[in-house]
Every structure is written in C-alpha cells, then in structure tokens.
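Structural description and commentary
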Amino acid sequence: MNRPVEQKALKLLSKYSSLSQAIARSEHPLQPYEQRWIDVRGVTSDEQFAYLKQQGLAFDPVDLHHDEAVKRCVAYAQQCQKSHVTDLFLSSFASGRLDYRSGLAPFAMMQTMPDHRFTPSSAPHACAICSGWEICKEVDATDWNVDRHCAGSLGLLKTPEVIQFYLAQHLQLARQASRAEDFRIVNAVFDTLRSLDAGIKPTDVHRFLRNIAGFKATVYQCRLLLEMLGIAGILETGNQKGYLTHYTNPGLAPSKSHKSDWAYPVDFWTGADGLNQKALAFWFGDYPEIRLA
Ligand SMILES: [Zn+2]
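Residues numbered from 1 in each chain as written. Predicted model: local features only at pLDDT ≥ 70, side-chain atom pairs only at ≥ 80, totals over all residues. Heavy atoms only, no water.

A word on the coordination of the zinc ion. In the first shell of the zinc ion, the protein supplies His66 (NE2), His116 (NE2), Cys127 (SG) and Cys130 (SG), at 2.0 to 2.2 Å from the metal. Given four donor atoms and angles of 100 to 118° at the metal, the environment of the zinc ion is assigned as tetrahedral. Between consecutive donor residues of the zinc ion, the sequence gaps follow H-x49-H-x10-C-x2-C. With a gap of 64 residues between them, His66 in helix α5 (residues 66-79) and Cys130 in the loop between α7 (104-109) and β2 (135-139) connect regions that are remote in the sequence. Look at Cys130 and you get buried, because its relative accessible area is 0%. (Donors = N, O, S within 2.8 Å, 3.2 Å for Na, K, Ca; no water. Tetrahedral: all angles 85-135°; square planar, octahedral: opposite > 155°, others 65-115°. Helix = DSSP H or I, 4+ residues; strand = E, 2+ residues; numbered from the N terminus. Buried < 20%, exposed > 50% of the residue type's maximum accessible area, 1.4 Å probe, protein only.)

This paragraph deals with the nonpolar core. Phe190, Leu193 and Phe284 are the most contacted members of the largest nonpolar core, which has 63 residues in total. Per element, the largest residue contribution to this core is seven residues, and it comes from helix α10 (residues 180-195). A domain split of this core shows at least three residues from each of domain 2 (62-171) and domain 3 (180-284). Those residues in contact with Phe284, other than ones at most four positions away along the chain, are Thr86, Phe89, Leu90, Phe190, Ile234, Ile290 and Leu292. (Core = buried A, V, L, I, M, F, W, Y, C linked by side-chain atoms within 4.5 Å. Domains from an automatic or database assignment. Contact = heavy atoms within 4.5 Å.)

Our focus in this paragraph is the packing of helix α8 (residues 141-150) against helix α9 (residues 160-171). In contact at an axis separation of 11 Å, α8 and α9 are set at 60° when each is read in the N-to-C sense. When the axis of α8 is compared with that of α9, the two are oblique. α9 is crossed by α8, and the crossing has right-handed handedness. Contact with α8, carried on its side by Ala141, Trp144, Asn145, Asp147 and Arg148, involves Glu161, Val162, Phe165, Tyr166, Gln169 and His170 of α9 and no other residues of that element. For the contact of α8 with α9, the class distribution of residues is five nonpolar, three polar and three charged. (Axes fitted to C-alpha atoms, helices over the stretch in contact; angles between N-to-C directions. Parallel < 35°, antiparallel > 145°, perpendicular 65-115°, else oblique. Left-handed = near helix turned anticlockwise from the far one by under 90°. Nonpolar A, V, L, I, M, F, W, Y, C, P; charged D, E, K, R; others polar.)

Right, let's talk about the packing of aromatic side chains for a bit. Tallied over the entire structure, the rule returns 14 aromatic pairs. Aromatic pair Phe89 and Phe93: ring centres 5.3 Å apart, planes at 70°, arrangement edge-to-face. With Phe89 and Phe93 both in helix α6 (residues 82-95), this residue pair falls four residues apart, about one helical turn. Phe93 shares its class with Phe89; the two are buried. Between the aromatic rings of Phe93 and Phe215, the centroid separation amounts to 6.5 Å while the plane-to-plane angle is 25°, which identifies the pairing as stacked. Remark: Phe215 occurs in the loop between α11 (206-209) and α12 (219-231) and Phe93 occurs in helix α6; sequence separation between them is 122 residues. Just as Phe93 is buried, Phe215 falls in that class too. Connected via pairs of aromatic rings, a cluster forms that spans Phe89, Phe93, Phe183, Phe190, Phe215, Phe284 and Tyr287. When the ring centre of Phe93 is taken as reference, the NZ or CZ atom of Arg101 above it lies at 4.2 Å. (Phe/Tyr/Trp six-rings, centres within 6.5 Å; stacked < 30°, edge-to-face > 60°. Lys NZ or Arg CZ within 6 Å of the ring centre and 35° of its normal.)

Next comes the structure, spelled out in structure tokens:
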C-alpha cells in the first residue's frame with residue numbers, strides 16, 4: 001500500500017544527513033568547518049529520527065556484504081514488473097511524489113548488471129565489476145531515502161547496496177493509475193527534449209523544462225530526472241549507451257570533462273542526440289497516450 005507521506009515527515013527527512021549525524025556524535029571538539037556544516041544543515045534529534053522510522057522513512061545503519069547486496073538486486077529486479085515501474089514513474093508528475101519515479105534508474109541498471117560475486121580490483125575493497133565495496137559497514141539507507149523522496153532517483157552512488165534498497169522500497173509501492181495530467185506533462189518533457197538545439201547540454205535543460213505548466217522541479221530534481229532517463233537509455237549517445245543495453249561500471253564510467261560530475265551517459269548527451277526511439281518504445285510503448293516520436 002502507499003501510505004501518504006506526511007509533509008512534516010518529508011521536511012524532516014529532507015534535512016537528514018548522515019554526515020551531520022556523524023559530526024554531532026563525534027567526541028572531539030568540532031572543527032570550524034564541522035560547526036559550519038552543523039549550523040547550515042542542522043542535526044536530526046533522536047526523537048525526530050524515531051518519528052521518521054515510525055513513518056517508514058528512516059532506517060538504522062546495517063552492515064551489508066557485496067554478494068548479499070547483488071543477490072538482493074537480482075531477486076528484487078525479478079520481482080519488479082516493468083509496467084509497475086513505468087506506471088509509478090508517470091504518476092510521479094501530477095502527484096509530486098518523487099519516490100514514485102525512483103524505481104526507474106535502478107530497474108534499468110538491473111537490465112544489464114551481471115549477477116556476480118565480489119571481484120577484487122586495483123582499488124582497495126572495491127569490486128572490479130560494479131565498484132561496490134566488499135563489505136559496506138553501517139550502511140545508511142536514510143541518506144538514500146532523502147534522494148528517493150526529495151529528488152526522485154539515485155544520487156551519487158549507483159552500486160548494488162543502493163540499488164537493492166531502491167528496488168526493495170519500490171516493491172512496497174502500490175500501482176497508481178496514470179492521469180491525463182501525468183501524460184500531458186511527460187509528453188511535454190519529451191517534446192521539449194526532442195526540440196532542443198543541437199548544442200544544448202544537460203546543464204542547460206532545466207531552463208527549458210521549467211516552462212512546462214505543472215512541471216515542478218528544482219535544478220537538482222531536474223538533473224536526477226535527466227540522469228535517470230540517461231541510465232534508462234532514452235538520453236544516450238551513439239557511443240555512450242544507457243544501461244538498457246550496456247552495463248558500465250558506475251565507478252569507472254567516463255566523464256565528459258574533469259569538471260563534470262553528471263552521471264553516465266547523460267553527461268555526454270546534447271540536444272543533437274535527441275531521444276532514443278528504441279528505449280522510449282521499450283519503456284513507454286504500451287501507453288498509447290505517450291508520443292514516441
Ligand atoms: Zn560487484
């Protein structure tokens with residue numbers, strides 16, 4: 001079932017940061033930069049954390065082994081239905097429930113992520129295939145849930161311990177029937193992306209999308225939307241493919257420039273690349289309301 005998310009809880013969750021919690025727990029006198037961080041971000045109190053847990057939004061830290069994380073990714077992805085993922089993706093737009101769209105990127109990654117055991121690499125403790133750690137100590141899923149609910153997709157980390165969390169959360173969400181308003185907004189997003197000038201880069205796109213009536217997104221929310229469409233293969237290039245057809249180790253994925261920290265492959269995308277028709281048809285071909293070209 002989909003429990004309503006209380007606005008009070010969402011606001012508290014949006015302010016949660018495991019770094020703030022760690023600084024607040026430290027036993028040494030705080031460094032000026034630590035104090036500044038706490039001053040800006042605040043600290044979630046034990047009572048607030050307990051409330052978030054009771055709302056199903058916060059989680060106690062746990063240790064998670066790489067192989068267990070991959071096992072869960074594979075099992076959860078098998079339980080996921082594509083239409084459940086896309087129904088929820090579409091219904092995130094009119095409802096403003098960003099967590100509804102957060103199943104798309106992890107489910108897309110599981111289309112090609114190999115089922116594998118931890119494989120040592122030259123980087124200490126990191127897997128050569130997926131960049132996941134051999135053992136993740138004190139995994140803080142609450143941090144990831146902030147991205148799910150407040151930004152709508154995978155944030156910086158795209159490794160198995162994060163993917164299994166997103167998929168597990170997705171599986172708990174009931175289907176939502178998409179509304180005419182959802183289709184209108186999503187069609188407008190795709191039409192806008194199709195019509196951009198050749199030289200437009202992902203960082204420029206927010207100023208075009210924000211003109212769409214009913215499309216409410218901060219710069220960061222818009223960025224994660226474009227990143228998830230890249231991961232899903234819709235915003236890819238001729239040489240840099242999304243995860244629908246090619247698995248790329250997210251920790252070793254190339255960047256367009258040393259300054260760019262956008263996710264692969266949308267980092268390389270420009271308006272000239274347009275929308276990948278095949279990927280669009282794979283995800284949304286069963287919805288006559290969605291324009292595929
Ligand atoms: Zn791995």
